[in-house]
Amino acid sequence: MAGSKLQAPRGTFDVLPADAVRRDRLVGLSAHVLEGAGYAHTETPIFEDTALFARGVGESTDIVQKEMFTFEDKGGRSLTLRPENTAGICRAYIEHGMHKLPQPVKLWSWGPFFRHEAPQAGRYRQFTQLDVEALGSDDPSLDAELIVLLAQILERSGVKARLLLSSLGNADTRAEYGEELRAHLGAHESELSDEVRSRIDTNPLRAFDSDHPGTRSAMEEAPRLIDRLDREDIDHFGEVRALLEQAGCAYELDPTLVRGLDYYTRTVFEFESDDLGAQRGVGGGGRYDGLVEKLGGPATPGVGWAAGVERVLLASQREVEGAYFPMRAYVVVPKAEERPLAFRLVQALRDAGALAEMEQAGRSVKGQMKQADRVDATHVVIAGDSLEVRDMQTGEQHEVASVEDAVRAVTQ
Ligand code: AMP
């Protein structure tokens, strides 16, 4: 349409350079922490068969019922932009026979995800998740390790978050408890919101997530799943808790923690920050011991989490750790003839690991010094009749004999 103003679609945003630096730092820090714990980087497609999410995430969830960007391709196949990562990772695990590898298979990834939600601060239709999954072992130390890793990433990103923890037990316990909860909801039907009432059969657990006052008061006396766990699940949860305590990772037990996805079993957790508005969750996850089997693979336990990159950065109270390029040099070129020397200097500085740029817009020397300030240069190298290095913090400037000496003066 000629003349109409083009804008990024509702619920999406552009990442401009200032913000990109913080995002890159967060991803870099996370890569460092996760690779250091034996998690390997993986990528899966941004769109998958719709059936994967319908089966994996669960037909009765908000995500599948209301929030997926689903489309038909030219061959008439139904595809969906991924709303979360666990189903895709499990699909890849099955497709590539990863159960034959030494277990657990520990993977991390990051990238864009898509949910058709009402946009607000911290809630977008395209957002970025960091995602970590460990498949092939039900060892409680994996649950604890994953939680501690997310706690570390949040801490080093300047986020103060509260860890909420619970256990959902196994599929049988959940099914039996589901009946009990349905009976309770049935007895209080008139007090419930329409939405909760319409889901008594399909997903009664979600009643715990409701903000509706009538539903909330009905839920106060509701039976709790945590009181119905069987011996093995109690022991598993006990070990996870003991390991967290040993690691000094503080948590609050929250028996109403359900999370919006169907596949969880046993441990579930969520990190919440008070420095966010209504959308307090910065990251969360849990164990999903039946999911791989449900998607057609061998019976395989799994545990994982996802954290929202935008939410982490919104909640962050200081710089994300991880200084990239502590040395930043700006090469000032007083005369155009010196450009080849300046170009050589920039290459040598970059080879030595410094961030280096040279004048490339025909500014006066004064303008170039201003530009050096703008880019936060720690050093200026003046490539003129003589070579001079200026320390921008102290203002001290001295002549050096060669390109190599200039590089040494900047990087030492
Ligand atoms: P979930 O897969 O729903 O457990 O989400 C995991 C994390 O992803 C949340 O804790 C948020 O940080 C982030 N997240 C989920 N949905 C959105 C959204 N619509 N916009 C921004 N971040 C989101």
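Parameters and conventions
Residues numbered from 1 in each chain as written. Predicted model: local features only at pLDDT ≥ 70, side-chain atom pairs only at ≥ 80, totals over all residues. Heavy atoms only, no water. Core = buried A, V, L, I, M, F, W, Y, C linked by side-chain atoms within 4.5 Å. Buried < 20%, exposed > 50% of the residue type's maximum accessible area, 1.4 Å probe, protein only. Helix = DSSP H or I, 4+ residues; strand = E, 2+ residues; numbered from the N terminus. Contact = heavy atoms within 4.5 Å. Salt bridge = Lys/Arg side-chain N within 4 Å of Asp/Glu carboxyl O. Domains from an automatic or database assignment. Pairing = 2+ DSSP bridges. 1 Å grid on protein atoms, 1.4 Å probe; cavity = no way out; pocket = protein on both sides within 12 Å on 5 of 7 lines; lining within 4 Å. Points joined across faces, edges and corners; volume = space filled by probe spheres on them. Nonpolar A, V, L, I, M, F, W, Y, C, P; charged D, E, K, R; others polar. Arc of directions from axis to C-beta. Phe/Tyr/Trp six-rings, centres within 6.5 Å; stacked < 30°, edge-to-face > 60°. Lys NZ or Arg CZ within 6 Å of the ring centre and 35° of its normal.

Novice: Explanation requested: the nonpolar core in the structure shown.
Specialist: Soluble globular proteins tend to bury their nonpolar side chains together. Of all hydrophobic cores here, the largest spans 40 residues; its most connected members are Cys90, Leu135, Leu181, Leu185, Phe208 and Met219. Listed by contribution, the elements that provide at least two residues to this core are helix H2 (50-56), helix H3 (62-67), helix H4 (86-95), strand E5 (105-114), helix H6 (171-187), helix H8 (213-220) and helix H10 (291-294). No other element matches H4, which puts five residues into this core. Those residues in contact with cysteine 90 that sit more than four places away from it in its chain are Leu135, Tyr288, Leu291, Val292 and Leu295. Leu29, Val132, Ala134 and Val159 belong to the second-largest nonpolar core, a separate cluster that totals 39 residues.

Novice: Looking at this model, I keep getting lost on the pattern of salt bridges. Mind explaining?
Specialist: Opposite charge on two side chains permits them to pair, given that their charged atoms come into close proximity. Taken as a whole and assessed by the stated rule, the structure comprises 30 salt bridges. Glutamate 321 serves as the salt-bridge partner of arginine 156, at 2.9 Å between the closest nitrogen and oxygen. A residue pair is termed long-range when its members are at least 10 positions apart, and arginine 156 in helix H5 (residues 140-156) and glutamate 321 in the loop between helix H11 (309-315) and strand E12 (328-332) qualify at 165 residues. In this structure, the salt-bridge partner of arginine 280 is glutamate 272, at a minimum N-O distance of 3.9 Å. Ionic contacts of the salt-bridge type, sharing partners, join the residues Asp62, Lys66, Glu195, Arg199, Arg206 and Asp209 into one network.

Novice: Explain the domain arrangement of the chain to me, please; I cannot follow it from the model alone.
Specialist: When the parts of a complex come together, some accessible area is lost, and that lost area is often taken as the interface size. If you check the domain split of the chain, you get domain 1 (17-169 + 229-315), domain 2 (171-227) and domain 3 (328-411). Each of domain 2 and domain 3 has a C-alpha centre, and the two are 67 Å apart.

Novice: What exactly am I supposed to notice about the sheet that holds strand E1 (residues 40-41) here?
Specialist: Strands belonging to one sheet form pairs held by backbone hydrogen bonds; the direction of such a pair is parallel or antiparallel. Ordered in space as E1-E5-E6-E11-E10-E9-E7-E8, the eight strands form an open sheet in which the pairing is mixed. Unpaired on one side and paired on the other, E1 and strand E8 (252-253) mark the two borders of the sheet. In this sheet, strand E6 (residues 126-135) lies alongside E5 in antiparallel orientation, the contact comprising 10 bridges. Bridging from a neighbouring strand, serine 109 pairs with aspartate 131 of E6.

Novice: Help me understand the environment of histidine 188, please; the structure alone is not making it clear to me.
Specialist: You can see histidine 188 is positioned in the loop between H6 and helix H7 (194-198). Each C-alpha atom of the pair histidine 188 and glycine 297 lies 40 Å from the other, and the pair is 109 residues apart in sequence.

Novice: Before we go on, may I ask you to explain the layout of surface pockets in this structure?
Specialist: The rolling of a water-molecule-sized probe over the atoms marks out the regions of remaining empty space. Roughly 570 Å³ of volume is contained in the second largest pocket. Lining the second largest pocket are 23 residues, with Ala171, Arg174, Ala175, Asp262 and Tyr264 positioned closest to its centre. For the lining of the second largest pocket, the secondary-structure elements that each account for two or more residues are H6, strand E9 (265-272) and H10. A per-element tally of the lining of the second largest pocket places H6 first, with seven residues. Split by residue class, the lining of the second largest pocket holds seven nonpolar, seven polar and nine charged. Counting only domains with at least three residues in the lining of the second largest pocket, you end up with domain 1 (17-169 + 229-315) and domain 2 (171-227).

Novice: Got a minute to help me understand the environment of leucine 154 in this structure?
Specialist: Within the secondary structure layout, leucine 154 lies in helix H5. For leucine 154, a relative accessible area of 3% puts it in the buried group. For the pair formed by leucine 154 and leucine 313, sequence separation is 159 residues and the distance between their alpha carbons is 9.6 Å. Apart from residues no more than four positions distant in its own chain, leucine 154 is found in contact with Val159, Ala161, Phe271, Val282 and Val312.

Novice: Looking at this structure, I do not really get helix H13 (residues 365-374). What am I missing?
Specialist: Residues spaced three or four apart along an α-helix point in a common direction, a consequence of the helix completing one turn every 3.6 residues. Looking only at H13, the buried set comprises Gln368, Gln371 and Ala372. For H13, the angular spread of buried residues about the axis comes to 105°, placing them on one side. Seen from the open side of H13, the exposed residues pointing more than 90 degrees away from its buried face are Lys366, Lys370, Asp373 and Arg374. Those residues of H13 that are buried are in contact with E12 and strand E14 (379-383). Directly after H13, the chain includes aspartate 376, whose backbone phi takes a positive value near 60°.

Novice: In this structure, what is going on with the packing of aromatic side chains? I would like to understand it.
Specialist: To describe a pair of aromatic rings, you give the distance between the ring centres and the angle between the ring planes. Summed over all chains, the structure comprises six aromatic pairs. Joined through ring pairs, the aromatic side chains of Tyr263, Tyr264 and Tyr288 make up one cluster. The residue whose ring lies beneath arginine 82 is phenylalanine 113, and the NZ or CZ to ring-centre distance is 4.1 Å.

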